[in-house]
Amino acid sequence: MTLTVFKVSGETNTDDLSPAPDASTRPDIPLHALAMLKNPRAGIEPDEAGARGPVKQLDKLIAKGHPVAYVGDVVGTGSSRKSATNSVLWFTGQDIPYVPNKRFGGVCLGSKIAPIFYNTMEDAGALPIELDVSQMEMGDVIELRPYEGKALKNGAVIAEFKVKSDVIFDEVRAGGRIPLIIGRGLTTRAREALGLPASSLFRMPAQPKDTGKGYTLAQKMVGRACGLPDGKGIRPGTYCEPKMTTVGSQDTTGPMTRDELKDLACLGFSADLVMQSFCHTAAYPKLVDVQTHRDLPTFISNRGGISLRPGDGVIHSWLNRLLMPDTVGTGGDSHTRFPIGISFPAGSGLVAFAAATGVMPLDMPESVLVRFKGEMQPGVTLRDLVNAIPFAALKTGDLTVEKKGKKNVFNGRILEIEGLPNLKVEQAFELSDASAERSAAACTVRLNKEPIIEYMRSNIVLMKWMIANGYQDKRSLERRIAAMEAWIADPKLMQPDADAEYAAVFEIDLNDDQGAAARLPERSGRREDAVRCRGRQDRRGVHRLVHDQHRPFPRGRQNSRRQVGHSDAPVDRAADEDGRAHADGGRLLRHPRQVGRAHGNAGLLAVHGQPGADPQGLDRALDLDAQLPEPSRHRHARLSVLGRTRRRRRAARQDPDHGRIHGGGRRPRRQGRGSLPLHELRPDSRIRRSRGNRLRLIERSRFSRSPRRTSRRGDFCCAIGAAG
């Protein structure tokens, strides 16, 4: 096949192909594809920098008359977005008969292709191939011979390769991996019903030879999900379809997952538990997100799934609470990395298939073992252990930083971690979550029974609370509660075999003289500071809010502030980077601080103010039970801004409600960035009544324009909701 090269040098991540600011247009493939590569980079000429990608440049290549191949050094790293694949195929693929605004096929060539992106390309009927692209340049016309494993330019061989499996040729002919699986299954059942022998039309995956060695923990988990006897596993390179016990979908890819489910004519989920979250678009929703928040929950719950509510929190914190040990799952987010069990993140198409059918196609990857030895030393945190893993690979040359000729021993493989059996499950998630940054296909963390039992008992209470507060689907929650209670009654965990085979093994000694923290140059000198602070309870601490990334809270005096713990967030209970011990038993502490900024989009929950500090500099009391989601009976309310601040601003001829909210004290609020997300605020029923002056509250119903005056005690002024 003759192709024209569209070369993107360096690393291309999925945010380059499907920018997050344009997430609301992802279901509209032709529109969203215009944002692909909209930011200038070497060799790429956007039509309008920051707004429209290199459409004219691509049109010139298409005008040569050959199919265009997307070529890059490192392709598809980052989040698991099928929208990134959709954008590439819109310019390089073929129209699907009778299906508008969607394409399949295309060719993607890269020295390294991220595993999730590779699988998503397979699902879309594309031909992804890993080979040396150093001799390919923008606009080159090359000849690709997939069956021979050669790429030629001007008649000379410039690269040789081998496809991962010959089945990919059938996938391209069928228009994708999912259509092939369905068609192959229907053919098999039909021939069995007619008494005919098995069809020889399809290429079948080649099964690797059994080496006679033992199995890793991940191989045993997948083996059980495939119905194999206990103690047996799946060898690397084996094609299998493991049972999906837990499936997660988040909101930025949720509409695409919904469309894929419609294409599959799914009226009910076959996976044991399917959960939909609304964590990415809750704080700053656009109008299209408001519509999604309204329609998608019903779509999911009507099919037996569990739908969270906007503002409930991050998908991982919730999905982790619903997991069963030693089971297999997937999710439409690259950071869907189970701390117990194992997950293989995927694009929205494969997530929909797993939810609808209860199984997921998988070519079993190899495993890389990371074994920690010894005990954690003073000043060493989980973040140090996370960083020590790639550092160990850097020292052996199995991982390189340069994009050209990049080596990454973790890419496409399962990262298996052992030697830290007593970690809390939340802490284990910090390790498994970081495997996404290594481009690993999956991750397992070997834990003892005790922390898992403790975690599951808490999760049972949470799910019972969800049922009591009307979360649907009730049957799915009750089924998972029963499964957890049964496992706690007879807890059994899988163990890897001593003679299991790994692609690589890295041992990290925690008893090293300098410790894991000193292994990384940028952290030199911090261990000594941490040791000096060890044992000292610093009330300020470093409090982190777990969202897409850790964001530190502002530090300040907290003499009278009530601190609310969150046991569902992954937090290091050891000393933090600066050596301060976490307060309140190591739980995540959140403070009611928020930038005084109004978010009035579509009449959504808006914040026009926050309590400030009194003249003595003490924070006013505010108690938010942010761990539990707000009830469905939420009403928008607006509190008048009272006190001297309002009078002063009136005297200055300013809008009293303009800008940030001021309290009644001499210093309305402290300086510093607010870090509490908008959705963490709760209705007035969540606010603690404290001593002080009386405050008049005007509560405004969503469906009524007439305010209802009530009275609350409090010494602060705040506003919740968008006034009609």
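Reading the values: rules and limits
- Residues numbered from 1 in each chain as written.
- Predicted model: local features only at pLDDT ≥ 70, side-chain atom pairs only at ≥ 80, totals over all residues.
- Heavy atoms only, no water.
- Helix = DSSP H or I, 4+ residues; strand = E, 2+ residues; numbered from the N terminus.
- Buried < 20%, exposed > 50% of the residue type's maximum accessible area, 1.4 Å probe, protein only.
- Areas by Shrake-Rupley, 256 points an atom, 1.4 Å probe, with all protein chains shown as cover.
- Phe/Tyr/Trp six-rings, centres within 6.5 Å; stacked < 30°, edge-to-face > 60°.
- Lys NZ or Arg CZ within 6 Å of the ring centre and 35° of its normal.
- Pairing = 2+ DSSP bridges.
- Axes fitted to C-alpha atoms, helices over the stretch in contact; angles between N-to-C directions.
- Right-handed = clockwise from strand over helix to strand, strands pointing away.
- Contact = heavy atoms within 4.5 Å.

Visitor: Lay out the overall build of the protein chain with the relevant residues and their values.
Guide: In terms of regular secondary structure, the protein chain is built from 18 helices and 27 strands. For the protein chain, the proportion of its 724 residues judged to be buried stands at 56%. Within the structure as shown, the protein chain displays about 31,900 Å² of accessible surface, and the carbon and sulfur contribution to it stands at 48%.

Visitor: So what's going on with the packing of aromatic side chains? Which residues, and what values?
Guide: Scanning all chains against the criterion turns up five aromatic pairs. Look at Phe410 and Phe506: their rings are 5.9 Å apart centre to centre, the planes differ by 40°, and that puts the pair in the tilted class. Of this pair, Phe410 sits in the loop between helix H13 (382-396) and strand S18 (414-418) while Phe506 is found in strand S20 (residues 504-509), placing the two residues 96 residues apart along the sequence. You'll find Phe410 and Phe506 in the same group, each marked buried. Directly above the aromatic system of Trp90 lies the positively charged group of Arg103, at a separation of 3.9 Å from the ring centroid. The positively charged end of Lys164 is found above the aromatic ring belonging to Tyr118, 4.1 Å away from the centroid.

Visitor: Summarise the sheet that holds strand S9 (residues 156-160); cite the residues concerned and give the values.
Guide: Strand order in the open sheet made by the seven strands is S6-S5-S2-S1-S7-S8-S9, with mixed pairing throughout. Edge positions in the sheet fall to strand S6 (127-130) and S9, since each has one partner strand and no second. Across this sheet, the average inter-strand angle for adjacent strands is 35°, counted without regard to direction. Pairing of strand S5 (residues 107-113) with S6, which is carried by four bridges, proceeds in the parallel orientation.

Visitor: Talk me through the sheet that holds strand S11 (residues 246-249); I want residue IDs and the actual numbers.
Guide: Taken in spatial order, the five strands of this open sheet run S13-S12-S11-S14-S15, and their pairing is parallel. Every other strand in the sheet has two partners, leaving strand S13 (306-307) and strand S15 (342-343) as the edge strands with one partner each. Relative to S13, strand S12 (residues 273-276) runs parallel, the two being bridged by two bridges. When the sheet's bridge partners are listed, Met275 is paired in S13 with Ile306.

Visitor: Report on the environment of Asp230, specifying residues and quantitative values.
Guide: With respect to the element layout, Asp230 can be found in the loop between helix H8 (217-225) and strand S10 (239-240). The exposed category is assigned to Asp230, whose relative accessible area is 63%. Each C-alpha atom of the pair Asp230 and Lys220 lies 7.7 Å from the other, and the pair is ten residues apart in sequence.

Visitor: Tell me about the pairing of strand S19 (residues 442-445), and please be specific about residues and values.
Guide: Side chains Ala442 and Thr444 of S19 all project onto a buried face; the interleaved residues Cys443 and Val445 project onto the opposite face, where all are buried too. In this region the chain leaves S18, passes through helix H14 (residues 425-433) and returns to the parallel neighbour S19; the handedness of that crossover is right-handed.

Visitor: So what about the side chain of Ser307? Which residues, and what values?
Guide: Its place among the elements puts Ser307 in strand S13. Overall, Ser307 belongs to the buried group, its relative accessible area being 8%. For Ser307, the contacting residues outside a window of four places in its chain are Gln276, Phe278, Pro297, Tyr471 and Gln472.

Visitor: Could you give me a rundown of the pairing of strand S7 (residues 141-145), with the residues and numbers involved?
Guide: Burial along S7 is one-sided: Ile142 and Leu144 are buried, and none of Val141, Glu143 and Arg145, which face the opposite way, are. Of the pairings in the sheet, the one linking strand S1 (residues 2-13) to S7 comprises three bridges and is antiparallel in character. Its bridge partner being in S7, Thr4 is matched across the sheet by Val141. One ladder, built from four bridges, connects S7 with strand S8 (residues 150-153); its direction is antiparallel. Across the sheet, residue Arg145 finds its bridge partner in S8, namely Lys150.

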